[in-house]
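Okay, here's what each chain looks like letter by letter:
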Amino acid sequence: MSRAYSRTVLLDTSFILALARSHRQLVNEIRDASIGRVRLATSDGVVLELERLARNGKFPSKALAKLALTRLKDQGIEIRETFPAVPNADTGMLVSALGDRDRLDVATVDYSLGETLSKLGINVISPRKKGGLTVKPGLEFP
């Protein structure tokens, strides 16, 4: 049986850590906020950033990064390869979002990244402080 997904949601490092910090499940939160079936994915740059934090971060960040990596693995989040020349995870997220042919949303806490993506027509998902998620629709071009 094949699964038809209506869109893909790319997860940013800040979003993954924010949900881990508040003990919220990635898959459940996003599926509750999204319309239709979604595929969850992140970039290899995000995974590398989490691995670096898990090795070298200070105690709170280190523990959260380890928890986040475990959740990514346990929940079967797709890891997408980015270009080797991409300087950081945010740029990788932007390149992936713009280069993807599927309907795509990006989940992030980073305000400036969210604003940039929204202006480019990409929906941005971010967590609310008291639970749940908010979806900011991307601007549509005529």
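Above this note sits the structure.
Residues numbered from 1 in each chain as written. Predicted model: local features only at pLDDT ≥ 70, side-chain atom pairs only at ≥ 80, totals over all residues. Heavy atoms only, no water.

1. What to know about the pairing of strand β5 (residues 123–127)
One ladder, built from three bridges, connects strand β4 (residues 104–107) with β5; its direction is parallel. For Asp-105, the partnering residue across the bridge sits in β5 and is Asn-123. In this view, the connection linking β4 to its parallel neighbour β5 by way of helix α6 (residues 111–119) has right-handed handedness. Alignment of β5 against strand β6 (residues 133–136), held across four bridges, turns out to be antiparallel. (Pairing = 2+ DSSP bridges. Helix = DSSP H or I, 4+ residues; strand = E, 2+ residues; numbered from the N terminus. Right-handed = clockwise from strand over helix to strand, strands pointing away.)

2. Focus on the nonpolar core
Ranked by size, the top nonpolar core spans 25 residues in total, and within it Val-9, Leu-11, Phe-15, Ile-16, Ile-30, Leu-50 and Leu-72 carry the most contacts. When residues of this core are traced back to their parent elements, those giving at least two are β1 (7–11), α1 (13–21), α2 (26–33), β2 (38–43), α3 (44–56) and α4 (59–74). Excluding its chain neighbours within four sequence positions, the residues that come into contact with Leu-72 are Leu-11, Ile-16, Leu-26, Thr-42, Val-47, Leu-50 and Ile-77. Leu-10, Ala-41, Leu-104 and Leu-117 belong to the second largest nonpolar core, which has eight residues in total. (Core = buried A, V, L, I, M, F, W, Y, C linked by side-chain atoms within 4.5 Å. Buried < 20%, exposed > 50% of the residue type's maximum accessible area, 1.4 Å probe, protein only. Contact = heavy atoms within 4.5 Å.)

3. What about the environment of Gly-132?
When you line up the elements, Gly-132 lands in the loop between β5 and β6. Along the chain, Gly-132 and Asn-28 lie 104 residues apart, while their C-alpha atoms are 9.9 Å from each other. Each residue touching Gly-132, except ones within four places of it in the same chain, is listed here: Arg-24, Glu-29 and Pro-127.

4. Some thoughts on the sheet that holds β2
Spatially, the six strands line up as an open sheet ordered β3-β2-β1-β4-β5-β6, and their pairing is mixed. Each end of this open sheet is capped by a strand with a single partner; those strands are β3 (78–80) and β6. Neighbouring strand axes in the sheet, compared pairwise and without regard to direction, differ in orientation by 30 degrees on average. Against the sheet, α6 makes contact with β4, β5 and β6, and its axis sits at roughly 155 degrees relative to β5, the strand it touches most. (Axes fitted to C-alpha atoms, helices over the stretch in contact; angles between N-to-C directions.)

5. A few points about the pattern of salt bridges
In the structure shown here, the tally under the stated rule is four salt bridges. Of the charged contacts, one joins Arg-39 and Glu-78 as a salt bridge, the two residues approaching to 3.9 Å between their closest N and O atoms. One end of the pair, Arg-39, is in strand β2; the other, Glu-78, is in strand β3, with 39 residues separating them in the sequence. We classify Glu-78 as partly exposed; its relative accessible area is 31%. A salt bridge links Glu-78 to Arg-80; the shortest N-O distance between them is 3.2 Å. Salt bridges sharing partners connect three or more residues here, namely Arg-39, Glu-78 and Arg-80. (Salt bridge = Lys/Arg side-chain N within 4 Å of Asp/Glu carboxyl O.)

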